[in-house]
Amino acid sequence: MDLLVVAVASLVVVPLAVFWGGSPVSLVLGLIFALFSPGYTLVAAVFPKRHDLDIIRRLALSFGLSIVVVPLAGFFLNYTRWGIGLYSVLFSLLAFIIVAAAVAWYRRRRLPPEERFEPRFRLRLCQFWGGHNLLDRALLVLLVVVIIGAVGMLVYVARPPVIEEAFTEFYMLGPEGRAANYPDVLSLGEEATVTLGIVNHEQAVTDYHIRILMGEEEVGGVATITLAGEEEWEQKVSFTPLGAGEEQKVEFRLYKGNENTPYHTLGLWVDVAGS
Amino acid sequence: MNRTSLIKAILLFAIIGLAFFMALYPRLDYPYPLHVDEWMHLGYTTQILDTGHLNFPSPFHGGQWEVGGHPETGYYIWLGTSLLATGSPWLVLARLMPALVLGLIAFLSYAWGRKRGFGLEAAFFATFIHTTIRFLGPAFLVPVTLGLVFFPLCLILLEKMEKDWRPLPLIVISLIALFLTHGTTAVAVGFVLVIFLIFYLALSRSPVQQKLPSLTCLLLIPFSGLVIFLWNRAFVMREIQNIINAEHIPLPPIPIPLPQLGYIMIALAVIGFGFLIARGGWRNYALLVPTVILLFFVQFYRQYFNVGPDILYERGWLYVMLLMAFIAGYGLSRLRQLGLAFFQRWRWGALSVYVALALVVVFALFQRMGGYAEEDYYQIVDVAAYHDFEWLGEELPQDSIAMLNPYVGWAYFPASGQYVYTAQAFPWGVKESREISGFFMAGAPDTEHIRERNVNILYSPYPLKNPDLVEVRDGVYILREGR
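Rules behind the numbers
Here, residues in each chain are numbered from 1, in the same order as that chain's written sequence. As they are written, the chains are lettered A onward and the ligands numbered 1 onward, keeping that order. Two thresholds apply to this predicted model, a pLDDT of at least 70 for residue-level local features and 80 or more for giving and counting side-chain atom pairs, whereas whole-chain, interface and lining totals are computed over all residues. Processing note: side-chain calculations cover all non-hydrogen atoms of the structure and skip hydrogens and water entirely. Only runs of H or I of at least four residues qualify as helices and only runs of E of at least two qualify as strands under DSSP, and these elements are numbered from the N terminus. Here the radius of gyration uses the C-alpha set of atoms, whereas the globule reference equals 2.2 Å times the residue count to the power 0.38. Relative accessible area decides the class of each residue, using a 1.4 Å probe on protein chains only: under 20% of the type maximum gives buried, over 50% gives exposed, and in between gives partly exposed. Two residues form a contact once any of their heavy atoms are found within 4.5 Å. The method behind every accessible area is Shrake-Rupley, applied with a 1.4 Å probe, and residues are considered shielded solely by the protein chains displayed. Working convention for charge: Lys and Arg count positive, Asp and Glu count negative, and His plus the chain ends are omitted. For charged residues, the charge sits on one atom: NZ in Lys, CZ in Arg, CG in Asp, CD in Glu. The rule for a salt bridge is simple: a side-chain nitrogen of Lys or Arg has to be within 4 Å of a carboxyl oxygen of Asp or Glu. Residues adjacent in sequence count toward polar contacts only when both atoms are side-chain atoms; beyond that, a polar contact is any pair of N or O atoms within 3.5 Å, and within protein one must be able to donate a hydrogen and the other to accept it. Summed over both partners, the accessible surface that disappears when two parts come together, traced with a 1.4 Å probe, is what is meant by buried area. Just so you know the grouping, Ala, Val, Leu, Ile, Met, Phe, Trp, Tyr, Cys and Pro go in nonpolar, Asp, Glu, Lys and Arg go in charged, and all remaining residues, Gly too, go in polar. We call a set of buried residues a nonpolar core when its members are Ala, Val, Leu, Ile, Met, Phe, Trp, Tyr or Cys and they connect through side-chain atoms within 4.5 Å of each other. Residues qualify for a patch when their relative accessible area is over 30% and they have no salt bridge, like charges being joined within 9 Å and the nonpolar side chains of Val, Leu, Ile, Met, Phe, Trp and Tyr within 5 Å. Think of it this way: a Phe, Tyr or Trp ring, Trp meaning its six-membered ring, pairs with another when their centres are within 6.5 Å, and the plane angle makes it stacked under 30 degrees, edge-to-face over 60, tilted otherwise. Criterion for a charge above a ring: Arg CZ or Lys NZ at most 6 Å from the ring centre, at most 35 degrees from the ring normal. In this analysis, axes come from line fits to C-alpha atoms, helices being fitted only over the stretch in contact, and the angle between any two N-to-C directions falls in the range 0 to 180 degrees. Oblique is the label for any angle not under 35 degrees, not over 145, and not in the 65 to 115 range, which are roughly parallel, roughly antiparallel and roughly perpendicular in turn. Helix crossings are classified by the rotation of the near helix relative to the far one: an anticlockwise turn of less than a right angle makes the crossing left-handed, while a clockwise turn makes it right-handed. When DSSP finds two or more bridges between a pair of strands, those strands are recorded as paired.

(A) Highlighting the overall build of chain A. Secondary structure assignment for chain A yields seven helices and eight strands. Whereas a compact globule of 275 residues would reach a radius of gyration of roughly 19 Å, chain A reaches 32 Å, over 25% beyond that. Across the 275 residues of chain A, 48% fall into the buried class. The contacts of chain A with a sequence gap of at least 6 include a subset with a gap of at least 24, amounting to 63%. Of the roughly 13,900 Å² of accessible surface on chain A, 61% is carried by carbon and sulfur atoms. Here chain A contributes 21 positively and 28 negatively charged side chains, and the mean placements of these two sets differ by 28 Å.

This is the structure:
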């Protein structure tokens, strides 16, 4: 039964990883697949008897030998035509798990039933609760709390911390919204367009405004933009050069709130031909 | 489940939860990998998955070098498999895996030590293994951390092999896998196993027939390292030549890290040493001798064995700390047994002993956390810079190459998926760092210089004045197309 559970759980990992990768279920089953299942079936195949190993050492070797099997499987794959990819890795490990489980099952079948290692997990909570005193019941509750605490700690570890660093992203893309085709050569009076973007990580509602300058002359801008925390803003913005000349710097200055000094400055150089 | 088993289960899960926390501690308020090695390993792992092969262009040198036969490839495969099997973003696993690995180290330490009566104690002190930016440690997602799992793993197999042939191939393939994951740790594990086997073969009263698997294992251990030689002979020979002929690459000496573990743990380790000697027996000597030898080696190797880079040997502190954790656990367990034996005649004797031990454990933990809190960890990138890298990865073509501070460059590829012109770790790369810094300070005026290096992104702390560049984010410049 244990081998069947491991094999089925491993089978489920493949579609999960392909179609729902990154989900909590995929994370849990995927980690079991990579960190436990190969070792467990290997240990079961090598040590089929109940008295070969106690349950603690079986579990320990299952984790440890999974760390042995996985790299060796990958090395093997490197020399095949499939290489190291999503499907080759998942299917090769799945094949190992199923073959090892089959060997383990076969070896156990050849043993008398009382000698086989066949874990049975019976949750007889009611029986335990009724048959033990207050202290033992308290210990059982404490065990559950500690297990939940350990799992909770793992969840806490996985979640990124709350970022206290406050900042604003200010970026510029080309007129098509890609990092390409920035205005380069313009004619006097010709309107040029870029895409500007702001992302507010200030952890508070923040007002911004944008000024576009060439030299000391203002050639464009955007009035007050109010963004909530983590809110994004992106818009095409145009400017018109007021004088001809080569290698003129266009500055895009982002101001925060009522501050007079720019918070961020972006820039590009344009050549402006006379009309 | 009886009461004793319940209590042990409670303590074991509490220790594993503690292991998770200890691995997290240096990055409680920081979301990204801390050490440059973590970024490098994540980058190489990602590159292996992207290319599908163990020979790949280095993303940290503009794709100009090919990386092949890397000595830690086994680790990249392990990490890459975890990424593929979970489908999770690497940032999630970068936080989760150190905790899981330290939890595994604690659990395997328990599994090995419990038969000798100090499982919980060994597991508890295994969580104390320190992490520094010099010799790394369990808080970092690096190969040497994974290698620590192999100590208790191989010791469990070794004990089983005292009466059984079956663990022999498992030990050999474990060492092979470890040589392909972290060779230095494989040498250390092999050394410990050899000592254990020598003591077992010489002093154990088991019949000769029963010792044959162990004797065979002793003979096979040296050959397990041959696999890396067979896999990439040229690389191994080159590295051997480099180690023998190269100038000693010194780093500033580091203070002995043992005080960071706390003086209670050290005292318990000393007590454990004493009990191991006093009680004798091959098992006790086999634990004591390699620990003492490794301890002396990492402390005094500079005077007697000045070959190659110091950094190779400094990892030895991790192995020493793990073995000392076992011995401290042994010491604590012996105190427990002696205390219970002595005080059991009094009504509250046993309870008093357990309360005293609990106080020792709590104070040991407080001391350890104090030592941990004193440690400085650097951050390669801040959150704003990471967002810059992510944005560049999203907005610019995948074949873009970025020029930035070489010490920060390690974070660029994992964050953006794009190559970096050069990334170096301190103190190496001072020349490259000065070259790039000087170029940025001058305003990056030479477009040809940029183009020759196939660079199209510049991440500069200084304002750049080249008209062929567009400043698309604060300090981030891209080369216009066709320039």
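Having seen the structure, we can now continue with the description.
(B) Focus on the pattern of salt bridges. In the structure shown here, the tally under the stated rule is 23 salt bridges over all chains. Among the salt bridges present, the one from Arg 178 of chain A reaches Glu 176 of chain A, with a minimum N-O distance of 3.8 Å. Overall, the relative accessible area of 49% leaves Glu 176 of chain A in the partly exposed class. For Glu 314 of chain B, the salt bridge is made with Arg 134 of chain B, and the minimal N-O distance between the two is 2.4 Å. Of the two residues, Glu 314 of chain B is situated in helix 15 (residues 310-314) and Arg 134 of chain B in the loop between helix 5 (119-126) and helix 6 (143-148); the sequence distance between them amounts to 180 residues. Overall, the relative accessible area of 2% leaves Glu 314 of chain B in the buried class. Connected through salt bridges with shared partners, the residues Asp 52 of chain A together with Lys 160, Asp 164 and Arg 166 of chain B form a single ionic network.

(C) Focus on the side chain of Gln 47 of chain B. Residues and elements named next belong to chain B. Along the chain, Gln 47 falls in helix 2 (residues 36-51). The exposure class of Gln 47 is buried, given its relative accessible area of 3%. A polar contact is formed between the side chain of Gln 47 and the backbone oxygen of Pro 57, at a distance of 2.8 Å. Ignoring any residue separated from it by four or fewer positions in sequence, one finds Gln 47 in contact with Gly 52, Phe 56, Pro 57, Pro 59, Phe 413 and Tyr 419.

(D) Seen up close, the environment of Pro 222 of chain B. Residue and element names in this part refer to chain B. Positionally, Pro 222 belongs in helix 10 (residues 208-224). Take Pro 222: its relative accessible area is 56%, and that puts it in the exposed class. In this structure, the C-alpha to C-alpha distance between Pro 222 and Gly 190, residues 32 residues apart in sequence, is 7.8 Å.

(E) Structural detail: the interface of chain B and chain A. With 86 residues of chain B at the contact, the number on the chain A side is 86 residues. Buried area between chain B and chain A, summed over both chains or domains, comes out near 7,400 Å², and the portion from carbon and sulfur atoms is 71%. A salt bridge links Glu 169 of chain A to Arg 473 of chain B, with the shortest nitrogen-to-oxygen separation between them at 2.7 Å. Inspection of the chain B/chain A interface yields 26 residue pairs in polar contact (both at pLDDT 80 or more). The set of elements that each furnish at least two residues to the side of chain B that touches chain A consists of helix 1 (3-24), helix 2, helix 3 (73-86), helix 4 (90-113), helix 7 (150-160), helix 8 (167-179), helix 18 (383-395) and strand 6 (469-473) of chain B. It is helix 4 of chain B that contributes the most residues to the side of chain B that touches chain A, 13 residues altogether. For the side of chain B that touches chain A, the per-class residue count stands at 54 nonpolar, 14 polar and 18 charged.

(F) Molecular detail of the nonpolar core. Counting 232 residues, the largest nonpolar core has Ile 210 and Phe 252 of chain A together with Trp 78, Phe 125 and Val 381 of chain B as its most contacted members. Among the elements that take part in this core, helix 4 of chain B stands out by supplying 17 residues, more than any other. With residues near it in sequence (within four places) discarded, Phe 125 of chain B still touches Met 265, Leu 268, Ala 325, Ala 328, Gly 329, Leu 332 and Ala 364 of chain B.

(G) Looking closely at a nonpolar patch on the surface. All names here are of chain B. A cluster of nonpolar residues, Trp 348, Leu 351, Val 355, Leu 359, Val 362, Phe 363 and Phe 366, forms a patch on the protein surface that exposes about 740 Å² of accessible area. You can see Phe 366 is positioned in helix 17 (residues 349-373). Looking at Phe 366, the relative accessible area reads 59%, which means it is exposed.

(H) The packing of aromatic side chains, seen in detail. Residues and elements named next belong to chain B. Evaluated as defined, the whole model comprises 38 aromatic pairs over all chains. The cationic tip of Arg 334 hangs over the ring face of Phe 275; the distance from NZ or CZ to the ring centre is 5.4 Å. The cationic tip of Arg 368 hangs over the ring face of Tyr 372; the distance from NZ or CZ to the ring centre is 4.3 Å.

(I) Summary view of the packing of helix 4 (residues 55-78) of chain A against helix 7 of chain B. Between helix 4 of chain A and helix 7 of chain B, the shortest axis-to-axis distance is 10 Å and the interhelical angle comes to 120°. Overall, the two elements helix 4 of chain A and helix 7 of chain B adopt an arrangement that is oblique. When the axes of helix 4 of chain A and helix 7 of chain B are compared, the crossing they make is left-handed. Facing helix 4 of chain A, whose interface residues are Arg 57, Ala 60, Leu 61, Gly 64, Leu 65, Ile 67 and Val 68 of chain A, helix 7 of chain B presents Phe 150, Leu 153, Ile 156, Leu 157 and Glu 159 of chain B. Looking at the contact of helix 4 of chain A with helix 7 of chain B, its residues break down into nine nonpolar, one polar and two charged.

(J) View of the side chain of Arg 480 of chain B. Among the secondary structure elements, Arg 480 of chain B is positioned in the segment after strand 7 (476-479). There is no salt bridge for the buried Arg 480 of chain B, and the closest opposite charge comes from Asp 184 of chain A, which lies 4.0 Å off by N-O distance. Engagement of the side chain of Arg 480 of chain B in a polar contact is seen with the backbone oxygen of Trp 269 of chain A, the distance being 2.7 Å.

(K) Main features of the pairing of strand 3 (residues 192-201) of chain A. Residues and elements named next belong to chain A. Burial analysis of strand 3 places nine of its ten residues in the buried class, the great majority of the element. As paired strands, strand 1 (residues 167-173) and strand 3 are joined by seven bridges and run antiparallel to one another. Of the residues in strand 3, the one forming a bridge with Leu 173 is Thr 195. Pairing analysis gives eight bridges linking strand 3 to strand 6 (residues 232-239), with the strands arranged antiparallel. Its bridge partner being in strand 6, Ile 198 is matched across the sheet by Trp 233.

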